[in-house]
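As a plain string of letters, each chain reads:
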There are 2 protein chains.
Amino acid sequence: MTDSNTAVTFLPDGNVCTPKGFRASGIHCGLRRNKTKKDLALIVSDVPAAAAAVYTLNAVKGAPIAVTKANIADGRAQAMLCNSGNANTCAPNGEAIARKMCMLLAEASGLSADDVIIASTGVIGQPLPIEPIATGMKPLVDALSYEGGEDCAAAIMTTDLVAKHCAVTVDIGGKTVTVGGIAKGSGMIHPNMATMLVFITTDAAISSEMLQKAVSTDVQNTFNMISVDGDTSTNDMLSVMANGLAGNAEITAAGADFDAFAAALHTVTSHLSRAIARDGEGATKLLTCTVTGATDDATARVLARSVISSSLVKTAMFGSDANWGRVLCALGYSGAPFNPEAADVSFASSAGIVDVCSAGRALDFSEELAKKVLLEKEVSIIVTLHDGDADATAWGCDLSYEYVRINGDYRS
Amino acid sequence: MTDSNTAVTFLPDGNVCTPKGFRASGIHCGLRRNKTKKDLALIVSDVPAAAAAVYTLNAVKGAPIAVTKANIADGRAQAMLCNSGNANTCAPNGEAIARKMCMLLAEASGLSADDVIIASTGVIGQPLPIEPIATGMKPLVDALSYEGGEDCAAAIMTTDLVAKHCAVTVDIGGKTVTVGGIAKGSGMIHPNMATMLVFITTDAAISSEMLQKAVSTDVQNTFNMISVDGDTSTNDMLSVMANGLAGNAEITAAGADFDAFAAALHTVTSHLSRAIARDGEGATKLLTCTVTGATDDATARVLARSVISSSLVKTAMFGSDANWGRVLCALGYSGAPFNPEAADVSFASSAGIVDVCSAGRALDFSEELAKKVLLEKEVSIIVTLHDGDADATAWGCDLSYEYVRINGDYRS
């Protein structure tokens, strides 16, 4: 699959080990009771790398986030370490435990403790026991391999049903640059909330400043445009390491090379975003809302996100019900400016397209066709405004009985 | 039941006919297929009344809202007319049809068409047929009675399981002033969204300006503090008529009389707010979130509403699961400022109280007690901050399988 504009080649089986010089591993160390479930993940670059990250906007932040921020303040990292099963959030001595994890990795690997990007996901409010991590660190480091990306992707999963990973290649100044990524979903962990975590690796040579600029810009149109249930976790983080082994001239400013890198990054992040939305807890279908013709980008984003986040839209989509009034209603309460009297709404899928609303008024559409369109596993809600030139796309999933079951069960 | 501070006497069986000089009626005119379901409601004051209203903030507004706004621009009304079964929203000729309804009432009753507060609730996007309303208007007017409040409350119901009404009395300057109200809930109607409608009557003598001030202030702490599923409808409206028949000196400025009236109004509106939350679609329990110790009122309100609106909190409460981390998470992503390191969380009900979080950290609480507390039909989530003196309360309901069933079913 190749994007003709930017010559980005998509590798659906790729992962964080696809770029040159990255080894990874994932093991069961004992944080989770289920011994078949990996719970400790590691990614190491062969050489020090430029590093950047974006973090949750939740005012309640997991302890690992503070440690990662401090560790990459110098724009540099060489490893990503993540446990599942415990979020190390709202729990005693969180930052000390996160720093201890970095030190354990440093002792076992010879890396510097302050070159570690650290993350945790799982239950919050309970102390993270360090013993299983201490015991597991040497086996984790010993398991590092250039083929370890899949084990690593499995070890960060919580209620995710499928591992999420991909990679792309792009030509930058005659060199083949590779970007790879893994992600875990925003499904909510038993018994508390979980987290969206994204780890990206690349062999591009790029300054940490431009790397930060690339990811900060990109998330506006990718990970900030997905919603499973509207709850922003305490531990969400996207981090990236760029080790320069592709041999391209270092990207230190805007220009064609930066644009090519950004396009490659976007292909990875938009794939992982959709994968997270599709694998939302209890989801039976992937929903995409595209808003076109808005006054500006920010308005288009707010409108698309409002539709994709509406419980009424999500339950209607679960029921394959062409309730376009709920779409208009969600646009209306978003707080973003638009002209409802000029709004058109259509539903589309591989089964066809059905126009349901024109200029804010009902169309006399075929309910039979609408049902066929909405029964598909991927459904697009297309909102066409006539207010301007801006557009945005948001991804989400439907709201099912299974979501209620997963999140309403007694803890046990 | 008497509130000792303000001497407000609560009348749980009261309604819009409890204040002096209000007649009401409710009939089946044929807008709804089910002939046992009333679908046309009327309230008439014996004399012209001061009028005020607050409306949905949704940018997509039902046609009746524009007509009501115009009709009460002079601060005066004498009737409230409401149909259920069709929202007259995003449908052809909406405003003309709403005005026609007012004219039909004027012809049948001798009132002025521009003294009518008009409302509609039901499916959106479909033309509202005027014929059943034209045919039903004379029977509706003929049925007006000082005992008609219950029929009227029934006629505005959609997916509501119970009629919602109450009244209070209060002494103002030696005169007994009565305030009565009816409401329909924010349950979502088949096949589109429905509406929160509140009709309040009072025999107080009060200027329309002070009446507007009273309701505009009051909704901040009542109807704006409830959430069933976060979707703000296109047709939400609270309206009030004050006909002066209690004989108190007209309230035209702030002072003790205004405060007494505001207290009476608040008793009615807070009761109806809780009744709407309790009767949310699929709800199995009423949730109250009280935030104390916030920096200011607006902050306290945003925090309380964020907790009550969280799908994760709502599913946890459905499962009687003491997932306090979800409460902290919802506070955190609300965008309102607070110190998470100082936040305490408790759950309370008639079965007891259990402290689950202190200063942002887990407490070692009894899961057995927590389950007993959360299995009750009314559960309070108590958040104690240490940032200031402001507090707020929000009401909501849990998120159940039944909510998904009601809103996900095919239209039929």
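The rules behind the values
- Sequence positions are assigned chain by chain, starting from 1 and proceeding in written order.
- Here every chain gets a letter starting at A, and every ligand a number starting at 1, in the order they are written.
- Thresholds applied to this predicted model are a pLDDT of at least 70 for local features of residues and 80 or more for the giving and counting of side-chain atom pairs; totals over whole chains, interfaces and linings are not thresholded and use all residues.
- To obtain the side-chain values, all non-hydrogen atoms of the structure were used and water was disregarded.
- The helix count covers DSSP runs of H or I at least four residues long, the strand count covers runs of E at least two residues long, and both are numbered beginning at the N terminus.
- In this scheme, a residue with accessible area under 20% of its type's maximum is buried, one over 50% is exposed, and one in between is partly exposed, where area comes from a 1.4 Å probe on protein chains only.
- Throughout, a residue-residue contact means that at least one pair of heavy atoms, one from each residue, lies within 4.5 Å.
- Every accessible area reported is derived by Shrake-Rupley at a probe size of 1.4 Å, with residue values counting cover from the shown protein chains alone.
- Note that His is not counted, nor are the chain ends; the positive residues are Lys and Arg, and the negative ones are Asp and Glu.
- The atoms used to mark charge sites are NZ of Lys, CZ of Arg, CG of Asp and CD of Glu.
- UniProt positions are given in the numbering used here, feature names are shortened, and annotations may be inferred rather than shown by experiment.
- Working convention: axes come from line fits to C-alpha atoms, limited for helices to the stretch in contact. Angles between N-to-C directions cover 0 to 180 degrees.
- Should an angle fall under 35 degrees it is taken as roughly parallel, and over 145 as roughly antiparallel, whereas 65 to 115 is taken as roughly perpendicular and any remaining angle as oblique.
- Handedness of each helix crossing follows the sense of rotation of the near helix against the far helix: counterclockwise by less than a right angle gives left-handed, clockwise gives right-handed.
- All residues other than Ala, Val, Leu, Ile, Met, Phe, Trp, Tyr, Cys, Pro, Asp, Glu, Lys and Arg, Gly among them, are scored as polar; the first ten of these are nonpolar and the last four charged.
- Strand pairing follows a simple DSSP-based rule, namely that at least 2 bridges must link the two strands.
- What counts as a salt bridge is simple: a side-chain nitrogen of Lys or Arg found within 4 Å of a carboxyl oxygen of Asp or Glu.
- A domain assignment, automatic or from a database, supplies the domain bounds used here.
- Reported buried area values correspond to the accessible surface (1.4 Å probe) lost by two parts on association, with both partners' losses combined.
- Polar contact is the term for a pair of N or O atoms within 3.5 Å; when the atoms are in protein, one must be able to donate a hydrogen and the other to accept it, and sequence-neighboring residues count only if both atoms are side-chain atoms.
- The superposition of copies rests on a least-squares fit of C-alpha positions from residues with pLDDT of 70 or more in both.
- Each residue carries a pLDDT score, the predictor's confidence in it, ranging from 0 to 100.
- Exposure above 30% relative accessible area and the absence of a salt bridge qualify a residue for a patch, where like charges join within 9 Å and nonpolar side chains (Val, Leu, Ile, Met, Phe, Trp, Tyr) within 5 Å.

Draft legend 1. The overall build of chain A, seen in detail. A count of helices and strands for chain A gives eleven helices and 17 strands. Over its C-alpha atoms, taken along the principal directions, chain A stretches across nearly 70 × 55 × 35 Å. Relative to its full complement of 412 residues, chain A shows a buried share of 62%. For chain A, contacts bridging at least 24 residues in sequence account for 79% of all contacts bridging at least 6. Roughly 14300 Å² of accessible area belongs to chain A as shown, and the carbon and sulfur atoms make up 51% of that amount. Looking at chain A, you have 30 positive and 44 negative side-chain charges, and the mean spots of the two groups are 7 Å apart.

Draft legend 2. Representation of the UniProt feature "active site" (unreviewed entry) in chain A. All names here are of chain A. Following the UniProt record, the feature "active site" (unreviewed entry) maps to Thr195 here. Relative to the helices and strands, Thr195 is located in the loop between strand 8 (175-184) and strand 9 (197-202). The exposure class assigned to Thr195 is buried, which follows from its relative accessible area of 1%.

Draft legend 3. Spatial organisation of the packing of helix 2 (residues 94-109) of chain A against helix 3 (residues 131-142) of chain A. All names here are of chain A. Running from amino to carboxyl end, helix 2 crosses helix 3 at an angle of 40 degrees, the nearest separation of the two axes being 9 Å. As far as their axial angle goes, helix 3 and helix 2 are oblique. Here the hand of the crossing between helix 2 and helix 3 comes out right-handed. Facing helix 2, whose interface residues are Met101, Leu104, Leu105, Ala108 and Ser109, helix 3 presents Ile133, Ala134, Met137, Lys138 and Val141. Of the residues assigned to the contact of helix 2 with helix 3, the class counts are eight nonpolar, one polar and one charged.

Draft legend 4. Just the sheet that holds strand 17 (residues 390-397) of chain A, in detail. Residue and element names in this part refer to chain A. Within the open sheet, the seven strands sit side by side as 10-17-12-16-13-14-15. Their pairing is mixed. With one partner strand each, in any of the chains shown, strand 10 (226-227) and strand 15 (361-362) form the two edges of the open sheet. Strand direction decides the pairing type here: strand 13 (residues 344-349) and strand 14 (residues 352-358), joined by five bridges, are antiparallel. What sits directly across from Val345, in strand 14, is Cys357.

Draft legend 5. Representation of the pattern of salt bridges in the model. All names here are of chain B. All chains considered together, the criterion is met by 16 salt bridges over all chains. Between Arg23 and Asp46 there is a salt bridge, and its shortest N-O distance comes to 3.6 Å. A residue pair is termed long-range when its members are at least 10 positions apart, and Arg23 in strand 3 (residues 22-27) and Asp46 in strand 4 (residues 40-55) qualify at 23 residues. Between Glu341 and Arg361 there is a salt bridge, with the nearest N and O atoms lying 3.6 Å from each other.

Draft legend 6. Layout of the domain arrangement of chain A. All names here are of chain A. When its domains are assigned, chain A resolves into domain 1 (8-279) and domain 2 (286-409). Relative placement of domain 1 and domain 2: their C-alpha centres are 32 Å apart. In this assembly, domain 1 packs against domain 2 so that about 1400 Å² is buried in total across both faces, 56% of it on carbon and sulfur atoms. Its largest share of buried area at the contact with domain 2, domain 1 owes to Met225, Ser227 and Arg278, together 39% of the area lost on that side. Connecting domain 1 to domain 2 are one salt bridge. Viewed at the interface, domain 2 and domain 1 are joined by four residue pairs in polar contact (both at pLDDT 80 or more). For the side of domain 1 that touches domain 2, the elements supplying multiple residues, two or more each, are strand 10 and helix 6 (256-278). Counting residues per element, the side of domain 1 that touches domain 2 draws most heavily on helix 6, at five residues. Among the residues forming the side of domain 1 that touches domain 2, the class breakdown is five nonpolar, eight polar and three charged.

Draft legend 7. Structural view of the relation of the copies chain B and chain A. Expressed as a screw transformation, the operator carrying chain B onto chain A has a rotation angle of 180 degrees and an axial translation of 0.1 Å, and the superposed copies differ by an RMSD of 0.0 Å. The symmetry that links the two subunits is that of a two-fold axis. Minimal C-alpha distance to the rotation axis in chain B is attained by Tyr401(B), lying at 2.7 Å. A shared interface surface links the copies, since 100% of the contact residues of chain B are contact residues in chain A too.

Draft legend 8. Structural detail: the interface of chain B and chain A. With 58 residues of chain B at the interface, the matching set in chain A holds 58 residues. With both chains or domains summed, chain B and chain A bury close to 4500 Å², and 57% of this area falls on carbon and sulfur atoms. Viewed at the interface, chain A and chain B are joined by zero salt bridges. Run the count over chain B and chain A and you get seven residue pairs in polar contact (both at pLDDT 80 or more).

Draft legend 9. Molecular detail of the side chain of Ser207(A). All names here are of chain A. Along the chain, the position of Ser207 falls in the loop between strand 9 and helix 5 (208-219). Assessed through its relative accessible area of 9%, Ser207 is described here as buried. A distance of 3.1 Å separates a polar side-chain atom of Ser207 from the backbone nitrogen of Met210. When sequence neighbours within four positions are dropped, the list of residues in contact with Ser207 reads Ala50, Glu250, Ile251 and Thr252.

Draft legend 10. Quick look at the sheet that holds strand 14 (residues 352-358) of chain B. All names here are of chain B. Within the open sheet, the seven strands sit side by side as 10-17-12-16-13-14-15. Their pairing is mixed. Each edge of the sheet is formed by a strand with only one pairing partner; in this case those strands are strand 10 (226-227) and strand 15 (361-362). Where strand 12 (residues 286-294) and strand 16 (residues 378-384) come together, seven bridges link them in parallel fashion. For Thr292, the partnering residue across the bridge sits in strand 16 and is Thr384. Its contacts with the sheet put helix 10 (residues 367-374) on strand 13 (344-349), strand 14 and strand 16, and the angle it makes with strand 14 is roughly 120 degrees.

Draft legend 11. Expanded view of the environment of Arg274(B). Counting through the fold element by element, Arg274(B) comes out in helix 6 (residues 256-278). Aside from chain neighbours lying at most four places away, what touches Arg274(B) is Leu286(B) and Trp395(B).

Draft legend 12. Spatial organisation of the confidence of the model for chain A. Mean pLDDT for chain A: 91, with 95% of residues reaching 70 or above. Among the prediction metrics, the complex's ipTM stands at 0.77, with pTM recorded as 0.81.

Draft legend 13. Highlighting unusual backbone geometry. Within the chain, Cys90(A) stands out as a residue other than glycine whose phi angle is a positive 55 degrees. Within the chain, Ser320(B) stands out as a residue other than glycine whose phi angle is a positive 50 degrees. Secondary-structure assignment places Ser320(B) in the loop between helix 8 (311-318) and helix 9 (324-332). Using a relative accessible area of 5% as the deciding quantity, one classes Ser320(B) as buried.

Draft legend 14. Inspection of a negative patch on the surface at higher detail. On the surface, a cluster of negative charge is contributed by Asp296(B), Asp297(B), Asp389(B) and Asp391(B). Looking at where Asp389(B) falls in the secondary structure, it is placed in the loop between strand 16 and strand 17 (390-397).

Draft legend 15. Just the environment of Ala214(A), in detail. All names here are of chain A. Along the polypeptide, Ala214 turns up in helix 5. Along the sequence, Ala214 and Leu265 sit 51 residues apart, while their C-alpha atoms lie 8.0 Å from each other. Sequence-distant contacts of Ala214, that is, excluding residues within four places in its chain, are made with Phe258, Phe261 and Leu265.

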